[in-house]
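# Analysis of the macromolecular model
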Amino acid sequence: MSVMAPPSYTYPTVPRAEVPGAHHRLSPLVLVVVGVVVAVVIVGVSLGAAAKRPVPQSCHFSCGAFAGPRLVAPNVYTSSQFGYSIEYLADSTQLADQSATGAEFDTDGGVIFFDGSSGTDVDGAVREGVSNLNSAVIQDLREVGPIRGAEIGLVPAKGTAYTANFVPQGGGGAFRVGVLVMAAAQGGVTVTATMISVYYTTNDARFNNYQPYGMIDGAKFDYPITSLRFAGQP
C-alpha cells in the first residue's frame, strides 16, 4: 500500500501595512521618555512612603507628656504651698497624713513620703531626706547605690537606695526593709520622695519583680511617683 504525498500549497504573504496595528510601533525616543517618566513616578512613591513611615524615637526618661485620664478629685493630693499634685489609687494606697508642703501614703507593705521645698538642689534634698529618717525605727542603714533612671512626675531625679532594719515602736521583732530617697526639681520647686518597704532577701525567682531594690511594694509606689505633677505641668 503506497502513501501518496500531500499536495503542496503556497500561502500568500500579507503586506505589513495591511495588518491592523502592525505599523503603529513606538519610536525608540518615545520608549525612552516613557521609561524615564515611570522611573520618576516609582521613586516619588517610594520617597513618600518612606517619609510617612513611623520612625522609632530614641528616649531617655520619657517620650512625651503623661497620657491617660485623670482620676477623680478625692484621689488627688495638692500641695497648697508649692502647687504640685499627686494622684493615687485609693484601693491600694491610703492618704495617711498631709500638710501644705507634703503628704504621706500607706500601702500594705510600706509607706511613701512626699515633701516639697524651694530651690533646685536635688542632691541636698536627698541628703536631707536621709537625715530626716526616724533613727528610732530605721536602724543599721546601709547604702546600696544610686537609683538609676530615677524620675518623679517624668522629671529626671537623683536618688540613693538603702537597706535597713525596721524596729517597730510598739514592740515585735525587727525586719529588713528597703529605703529609697530621691528628689527632682521643676520650676524652682524640689520634691523629695522617700519610700520604705518590706525587703526580700531571697533569690527565689518568684520575687524577681521586686528587683533591683527588693521592695515588695515597689509597684505600688510607682503610680504616685509617676503621676506627680509639678505646678504648670500638663
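The rules we used
- Per chain, the residues get numbers from 1 upward, laid out in the order the sequence is written.
- The model is predicted, so local features are restricted to residues of pLDDT at least 70 and side-chain atom pairs to those at 80 or more, both for listing and for counting; the totals for chains, interfaces and linings are taken over all residues.
- Think of the side-chain values as coming from all heavy atoms in the structure, minus any hydrogens and water.
- Helix and strand labels come from DSSP, where a helix needs a run of H or I of at least four residues and a strand needs a run of E of at least two; each type is numbered from the N terminus.
- The buried label applies to any residue whose accessible area, calculated with a 1.4 Å probe on protein chains only, is under 20% of its type's maximum; exposed applies above 50%, and partly exposed to all values in between.
- Computed with the Shrake-Rupley method and a 1.4 Å probe, the accessible areas treat only the protein chains shown as cover for residues.
- Only buried residues count toward a nonpolar core, which is a set of Ala, Val, Leu, Ile, Met, Phe, Trp, Tyr and Cys residues joined through side-chain atoms within 4.5 Å.
- In this description, contact between two residues means that some pair of their heavy atoms is separated by no more than 4.5 Å.
- Stacked, edge-to-face and tilted are the three classes for Phe, Tyr and Trp ring pairs, Trp counted by its six-membered ring, which pair at centre distances within 6.5 Å; planes under 30 degrees apart are stacked, over 60 edge-to-face, the rest tilted.
- A score from 0 to 100, pLDDT tells how confident the predictor is in each residue.
- Salt-bridge detection follows one rule: a side-chain nitrogen of Lys or Arg within 4 Å of a carboxyl oxygen of Asp or Glu.
- Note: two strands are recorded as paired if DSSP finds a minimum of 2 bridges between them.
- Between N-to-C directions, angles cover 0 to 180 degrees, with each direction set by a line fitted to C-alpha atoms, over the stretch in contact for helices.

### Concerning the overall build of the chain
Secondary structure assignment for the chain yields 3 helices and 11 strands. When the 234 residues of the chain are sorted by exposure, 31% land in the buried category. Working note: accessible area of the chain is about 14,900 Å², and carbon and sulfur atoms make up 58% of it.

### Here we look at the nonpolar core
Core analysis: the largest hydrophobic core is formed by 28 residues, its most contacted members being Y84, F105, F114, M195 and L228. It is strand 11 (residues 189–198) that contributes the most residues to this core, 4 residues altogether. Every residue in contact with F114, bar those within four places of it in the chain, is listed here: Y84, I86, G102, A103, F105, V191, T192, A193, P224, I225 and L228. Core analysis: the second largest hydrophobic core is formed by 15 residues, L133, Y162, V177 and A183 among them.

### Looking at the packing of aromatic side chains
Counted by the stated rule, this structure contains 4 aromatic pairs. Relative to F114, the ring of F105 lies with its centre 6.0 Å away and its plane at 80°, an arrangement referred to as edge-to-face. Neither F105 nor F114 differs from the other in exposure class; each is buried. Plain terms: the ring middles of F166 and F175 are 5.2 Å apart, the flat faces sit at 35° to each other, and that makes the pair tilted. F166 sits in the partly exposed class, given a relative accessible area of 23%. Look at F175 and you get partly exposed, because its relative accessible area is 34%. One aromatic cluster is present, built from ring pairs that chain together Y88, F105 and F114.

### Overview of unusual backbone geometry
Residues other than glycine seldom take positive phi values, yet D140 does so here, at roughly 55°. Locating D140 in the fold gives a position in strand 6 (residues 138–146).

### Looking at helix 3 (residues 218–227)
Within the span of helix 3, buried status applies to F221, P224, I225 and S227. In this structure, the buried residues of helix 3 make contact with strand 2 (85–87), strand 5 (110–118), strand 7 (151–152), strand 10 (175–186) and strand 11.

### Things to note about the environment of Y223
Inspection of the secondary structure puts Y223 in helix 3. Accessibility expressed as a relative area gives 26% for Y223, which makes it partly exposed. For the pair formed by Y223 and T93, sequence separation is 130 residues and the distance between their alpha carbons is 9.5 Å.

### Details of the confidence of the model for the chain
Confidence in the prediction for the chain averages 76 pLDDT; 63% of positions are at 70 or higher. Low pLDDT (under 50) marks residues 30–34, which in the prediction has 1 contact with non-local residues, meaning those over four places away or in another chain. Scored below 50 in pLDDT, residues 49–67 shows 12 contacts in the model against residues more than four places distant or in partner chains.

### Thoughts on the pattern of salt bridges
Note that side chains of opposite charge can pair when their charged atoms are close. In the structure shown here, the tally under the stated rule is 2 salt bridges. The shortest N-O distance in the salt bridge between D108 and K220 comes to 3.0 Å. Taken together, the residues D108 in the loop between strand 4 (102–106) and strand 5 and K220 in helix 3 connect sequence positions 112 residues apart. You can call D108 exposed: its relative accessible area is 68%. The closest approach of N and O atoms between K158 and D123, which form a salt bridge, is 3.5 Å. Here the residue K158 occupies a position in strand 9 (residues 158–166), and D123 occupies one in helix 2 (residues 122–131), the gap between them amounting to 35 residues. Take D123: its relative accessible area is 35%, and that puts it in the partly exposed class.

### Quick notes on helix 2
Buried residues of helix 2: V122, G124, A125, V126, G129 and V130, and no others. Against strand 6, strand 9, strand 10 and strand 11 lie the buried residues of helix 2.

### Details of the sheet that holds strand 3 (residues 94–98)
Two strands in a sheet stick together by hydrogen bonds in their backbones, pointing the same way (parallel) or opposite ways (antiparallel). Read across the open sheet, the 7 strands follow the order 3-4-5-11-10-9-6; overall the sheet is antiparallel. Single-partner strands in this sheet number two, and they are strand 3 and strand 6. Neighbouring strand axes in the sheet, compared pairwise and without regard to direction, differ in orientation by 20° on average. The pairing of strand 10 with strand 11 spans 10 bridges and is antiparallel. Bridged to A183 within strand 11 is T192. Helix-sheet contacts for helix 2 involve strand 6, strand 9, strand 10 and strand 11, and the interaxial angle to strand 10 is about 150°. Seen against the sheet, helix 3 touches strand 5, strand 10 and strand 11 and runs at an angle of roughly 20° to strand 5.

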